[in-house]
Amino acid sequence: MKRFVEVHYTVKDGMRESFYHALQESGIPAASRAESGNEKYEYYFHPENENELLLLEIWTTPEAAEQHMQTAHFKKLGELKQEYVTNTAFRRFEFPDEG
């Protein structure tokens, strides 16, 4: 059973680019992609809302996604969110493996 996670970050006015660059510089995306069980970890800029950043994640199992939330880089994400983010909304979906 795979887990798909959709995360919408609402950032402080005009801070989306700064937040995105801080994420990249911190190594959070690279460390997350390198985790066992990660299949996708990508950020996207909302085309109509300059204060929204979207993150899409796919994990091979719900357990892999839960393990991700125990990592040092996930904790670093929390610190960056305090500086840049005003709201975080997420949805989780689970679906069977194909094949």
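These numbers come from a predicted model, not from an experiment. (Residues numbered from 1 in each chain as written. Predicted model: local features only at pLDDT ≥ 70, side-chain atom pairs only at ≥ 80, totals over all residues. Heavy atoms only, no water.)

Colleague: Quick rundown of the side chain of His68? Include the residues and the values.
Modeller: You can see His68 is positioned in helix H3 (residues 62-68). There is a polar contact of 2.5 Å between the side chain of His68 and the side chain of Glu35. Excluding anything up to four places from it in sequence, His68 contacts Ser32, Glu35, Tyr41, Glu57, Trp59, His73 and Phe74. (Helix = DSSP H or I, 4+ residues; strand = E, 2+ residues; numbered from the N terminus. Polar contact = N/O pair within 3.5 Å; in protein donor to acceptor, adjacent residues only side chain to side chain. Contact = heavy atoms within 4.5 Å.)

Colleague: Please give an account of the packing of helix H1 (residues 16-26) against helix H4 (residues 72-84) that cites residues and values.
Modeller: Between H1 and H4, the shortest axis-to-axis distance is 11 Å and the interhelical angle comes to 160°. By the angle between their directions, the pair H1 and H4 is classed as roughly antiparallel. In the crossing of H1 with H4, the sense of the turn from one axis to the other is right-handed. In this structure, H1 uses Ser18, Phe19, Ala22, Leu23 and Ser26 to contact H4, whose residues at the interface are Lys76, Leu77, Leu80, Lys81 and Tyr84. For the contact of H1 with H4, the per-class residue count stands at six nonpolar, two polar and two charged. (Axes fitted to C-alpha atoms, helices over the stretch in contact; angles between N-to-C directions. Parallel < 35°, antiparallel > 145°, perpendicular 65-115°, else oblique. Left-handed = near helix turned anticlockwise from the far one by under 90°. Nonpolar A, V, L, I, M, F, W, Y, C, P; charged D, E, K, R; others polar.)

Colleague: Tell me what's going on with H1, and back it up with residues and numbers.
Modeller: The set of residues buried in H1 consists of Arg16, Phe19, Ala22 and Leu23. Axial view of H1: buried residues confined to an arc of 130°, hence all on one face. Against strand E1 (2-11), helix H2 (28-34), strand E2 (38-45), strand E3 (52-59), H4 and strand E4 (85-95) lie the buried residues of H1. Just beyond H1, the residue with positive phi is Gly27, at close to 85°. (Buried < 20%, exposed > 50% of the residue type's maximum accessible area, 1.4 Å probe, protein only. Arc of directions from axis to C-beta.)

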